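Examining the three-dimensional arrangement
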Amino acid sequence: MDRVIKMLREQMILCSRLSEIFDNLNSAFQEARSGFDVTSSVQKVEPLMRELSKNDTSISEFLKAAKVENLGTFIEQQSAGVERSVAERLLNQVSGLQKRLRHQITNVARLMVNSKKFIDYNINVMSQTVADDIYGSKRELGQHQRRRVFDANA
């Protein structure tokens, strides 16, 4: 049971750190701060995700050895006591943190897509990109307007 508690604590710490970083990423996108804030946050996420993956692997190996499907089932099989209540509490906290992380990742992904669209739009405006007519024949563009950075967004 000590091993389960240790793995759950490690997972809780990693999920808490990731949650803080995703909060920073979220605010960086919303407040339109510099790209450095986004880059540094993403660089902090990568090693934590590797550690979380290692933690998940060790939990999976433990569950295989114990011949149970998940930690909740393992904890329920243990006798009532302080260790069991600590493990149940940690499992609930980790579950809540994982749910929060899924929500944060979804929000950050949405903000990234919107940020990319905004950047593409501004670059197209700066390069004076003109969209083709949908139904008409192609018209002649001036010398300056033939140059495109990205295709026009319809």
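This text follows the structure it describes.
Here's a quick rundown of the structure. (Residues numbered from 1 in each chain as written. Predicted model: local features only at pLDDT ≥ 70, side-chain atom pairs only at ≥ 80, totals over all residues. Heavy atoms only, no water.)

**Some remarks on the packing of helix 1 (residues 2-30) against helix 2 (residues 35-66)**
- Two numbers describe how helix 1 lies on helix 2: the axes approach to 9 Å, and their chain directions differ by 160°. Classified by the angle between their axes, helix 1 and helix 2 sit roughly antiparallel to one another. Classified by chirality, the crossing of helix 2 by helix 1 is left-handed.
- The residue makeup of the contact of helix 1 with helix 2, split by class, is 18 nonpolar, five polar and six charged. (Axes fitted to C-alpha atoms, helices over the stretch in contact; angles between N-to-C directions. Helix = DSSP H or I, 4+ residues; strand = E, 2+ residues; numbered from the N terminus. Parallel < 35°, antiparallel > 145°, perpendicular 65-115°, else oblique. Left-handed = near helix turned anticlockwise from the far one by under 90°. Nonpolar A, V, L, I, M, F, W, Y, C, P; charged D, E, K, R; others polar.)

**Quick look at the pattern of salt bridges**
- Applying the stated rule across the entire model yields four salt bridges.
- With a closest N to O distance of 3.0 Å, D23 and R100 form a salt bridge. Here D23 is found in helix 1, whereas its partner R100 is found in helix 4 (residues 82-126), with 77 residues between them in sequence.
- Salt-bridge contacts for K54 lead to E51; the nearest nitrogen and oxygen are separated by 3.6 Å. Taken as a pair, K54 and E51 lie in helix 2 at a separation of three residues, close to a single helical turn. (Salt bridge = Lys/Arg side-chain N within 4 Å of Asp/Glu carboxyl O.)

Honestly, that's just the spatial picture; any functional story needs more than this.
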